[in-house]
Amino acid sequence: MHLSEDHRAVQDAVRAYVRDRITPNAAAWDRECHFPREELRGLAELGCYGIAVPTEWDGAGLDYLSVSLILEEIAAGCGATSTIISVTNCPVNTIMMAFANDAQKERFLKPLARGELLGAFCLTEPHVGSEAGGLRTTARRETGQHGDEYVLNGVKQFITSGKNGDIAIVMAVTDKAAGKKGISAFLVPTNTPGYVVARIEQKMGQHASDTAQILFENCRIPAANLIGEEGQGLKIALSGLEGGRIGIASQAVGMARAAFEAAVHYAKERVAFAKPIFEHQAIQFKLADMATQIEAARQLIHHAASLKDAGQPCLKEAAMAKLFASEMAERVCSAAIQVFGGYGYTTDFPVERIYRDVRVCQIYEGTSEVQKILIGRAI
Ligand SMILES: Cc1cc2nc3c(=O)[nH]c(=O)nc-3n(C[C@H](O)[C@H](O)[C@H](O)COP(=O)(O)OP(=O)(O)OC[C@H]3O[C@@H](n4cnc5c(N)ncnc54)[C@H](O)[C@@H]3O)c2cc1C
């Protein structure tokens, strides 16, 4: 896809920041499970916290193609950082833009878009991941000390930025008898009493991003923090995942690109059988396949993003992009390790970390199997 000058300018600005401030630190952050607070502030200054949020709500006022370009660039430097940015943009901002009222946008979306608040999205529970309609966390409406309130109780699992985030969108059951239509969406500041970070997961990769289990223990929030209407929660959650899938697919492409570029560089330097391994056709073919697959994934993503920007439905296209890009990225990162030989399996080179970081792209925001269910339904 031909990029406009504006899109190229966005890409160049983020690429330069990532090259200077993120890529050089990614290995250390991974090793030390360091949350990159300072560099996130730099990304906020570049508008990366509110990419598609209109300027009237203090966002960058860009489109979903820009979301994709930016997330690819950040992921090429650090997969974990791209996940943090991805979640706060979509689903969190996307949901706020579509369903929050003006008072909620004033109070939460504006500071989110300015990068003063970091968003988290609480859908998954210990017993329920793919089957989002089976949530058990409850929200009971009652009149408390501070007036009309909801009281949240339950457990959320695998929440990105559950610890370091400031504001969470939480899905909870308000009417058990109504089944999927009894779920509602709430804005919960993470400093609310009863919002408890129970544990931080020890993960295979993406160590710089915290993934938390959250307990809601009589967590009281004002009734004004209900997003949309009672019973709309599942629709709200799923609507946010469409943009989220474009984001995750873009992250996968960014990580695959970084592994590919490292492999090309190494192949030109490493000598075996009297010539750089790049000159062995088996290696060149591998790199040619990697480049082709990355580009194919990118085009699927840009197609889905352009549909979304045109206000057209893109559920199938976003699912296809996420499915293809995340599975492609694992293959490409594995091939990159192969190009590095034994060194690829060590922590001396970035491909080992990228391979670990990219694996989860096939799992979060809907597994590959769930994407196939969505595509299957659509066709
Ligand atoms: C690092 C990380 C960050 C995450 N961040 C967030 C977050 O910020 N917010 C959030 O809410 N969640 C988050 N998640 C959770 C993630 O979205 C879920 O793990 C994912 O949706 C899968 O749910 P599950 O783990 O319960 O697996 P399950 O739903 O139990 O699925 C297990 C396996 O069965 C398959 N399966 C399930 N149903 C079907 C079916 N009908 N047909 C075929 N196969 C099926 C799945 O594809 C999978 O392979 C995160 C997860 C990770 C690992």
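Below: a short report on this structure. Quick caveat: nothing in here was measured; it's all calculated off a predicted structure.

## Details of the overall build of the protein
Consideration 1: Along the protein, the regular secondary structure elements total eleven helices and ten strands.
Consideration 2: Here the protein has a C-alpha radius of gyration of 21 Å; the compact-globule value for 379 residues is 21 Å, and the two agree.
Consideration 3: Dimensions of the protein, computed from the C-alpha atoms along their principal axes, are close to 80 × 40 × 40 Å.
Consideration 4: Considering only residue pairs separated by 6 or more positions, the protein has 72% of its internal contacts joining residues 24 or more positions apart.
Consideration 5: For the protein, the exposed area adds up to about 16400 Å²; of that, 52% sits on carbon and sulfur atoms.
Consideration 6: Charge centroids of the protein, computed over 39 positive and 44 negative side chains, lie 4 Å from each other.

## Overview of the site of the ligand
Consideration 1: Taken together, 17 residues are adjacent to the ligand, and Phe121, Thr124, Ser130, Phe158 and Thr367 come closest.
Consideration 2: Thr124 is positioned such that a nitrogen or oxygen atom in its side chain is 2.7 Å from a nitrogen atom of the ligand.
Consideration 3: Between Phe158 and the ligand, the recorded distance is 2.8 Å, taken from a backbone N or O atom to a nitrogen atom.
Consideration 4: Among the elements of the structure, strand S3 (147-160) and helix H11 (368-378) are those that each provide at least two residues to the shell around the ligand.
Consideration 5: Per-element tally for the shell around the ligand: the top contributor is S3, with three residues.
Consideration 6: Tallied by class, residues from the shell around the ligand come to eight nonpolar, six polar and three charged.
Consideration 7: Each of domain 2 (121-232) and domain 3 (235-378) contributes no fewer than three residues to the shell around the ligand.

## A closer look at the nonpolar core
Consideration 1: In this structure, Leu43, Ile74, Ile85, Leu287, Met290 and Met328 are the most contacted members of the largest nonpolar core, which totals 75 residues.
Consideration 2: Of all the elements, helix H7 (residues 233-269) adds the most residues to this core, at 15 residues.
Consideration 3: Setting aside residues no more than four positions away along its own chain, Met328 makes contact with Val253, Ala256, Gln293, Ile294 and Ala297.
Consideration 4: One finds Ala100, Val173, Ile183 and Ala185 within the second-largest nonpolar core, a separate group that totals 29 residues.

## Regarding helix H8 (residues 281-309)
Consideration 1: Under the 1.5 Å per step criterion, the end-to-end length of H8 is 41 Å for 29 residues, consistent within 8% with the ideal 42 Å.
Consideration 2: Every buried residue belonging to H8 is among Ile283, Leu287, Met290, Ile294, Ala297, Arg298, Ile301, His302, Ala304, Ala305, Leu307 and Lys308, and all of these are buried.
Consideration 3: Residue Gly311 follows H8 closely and has a positive phi angle near 75°.

The rules behind the values
Residues numbered from 1 in each chain as written. Predicted model: local features only at pLDDT ≥ 70, side-chain atom pairs only at ≥ 80, totals over all residues. Heavy atoms only, no water. Helix = DSSP H or I, 4+ residues; strand = E, 2+ residues; numbered from the N terminus. Rg over C-alpha atoms; globule rule 2.2 N^0.38 Å. Contact = heavy atoms within 4.5 Å. Areas by Shrake-Rupley, 256 points an atom, 1.4 Å probe, with all protein chains shown as cover. Lys, Arg positive; Asp, Glu negative; His and termini not counted. Charge placed at Lys NZ, Arg CZ, Asp CG, Glu CD. Near = heavy atom within 4 Å. Polar contact = N/O pair within 3.5 Å; in protein donor to acceptor, adjacent residues only side chain to side chain. Nonpolar A, V, L, I, M, F, W, Y, C, P; charged D, E, K, R; others polar. Domains from an automatic or database assignment. Core = buried A, V, L, I, M, F, W, Y, C linked by side-chain atoms within 4.5 Å. Buried < 20%, exposed > 50% of the residue type's maximum accessible area, 1.4 Å probe, protein only. Expected span 1.5 Å × (residues − 1).

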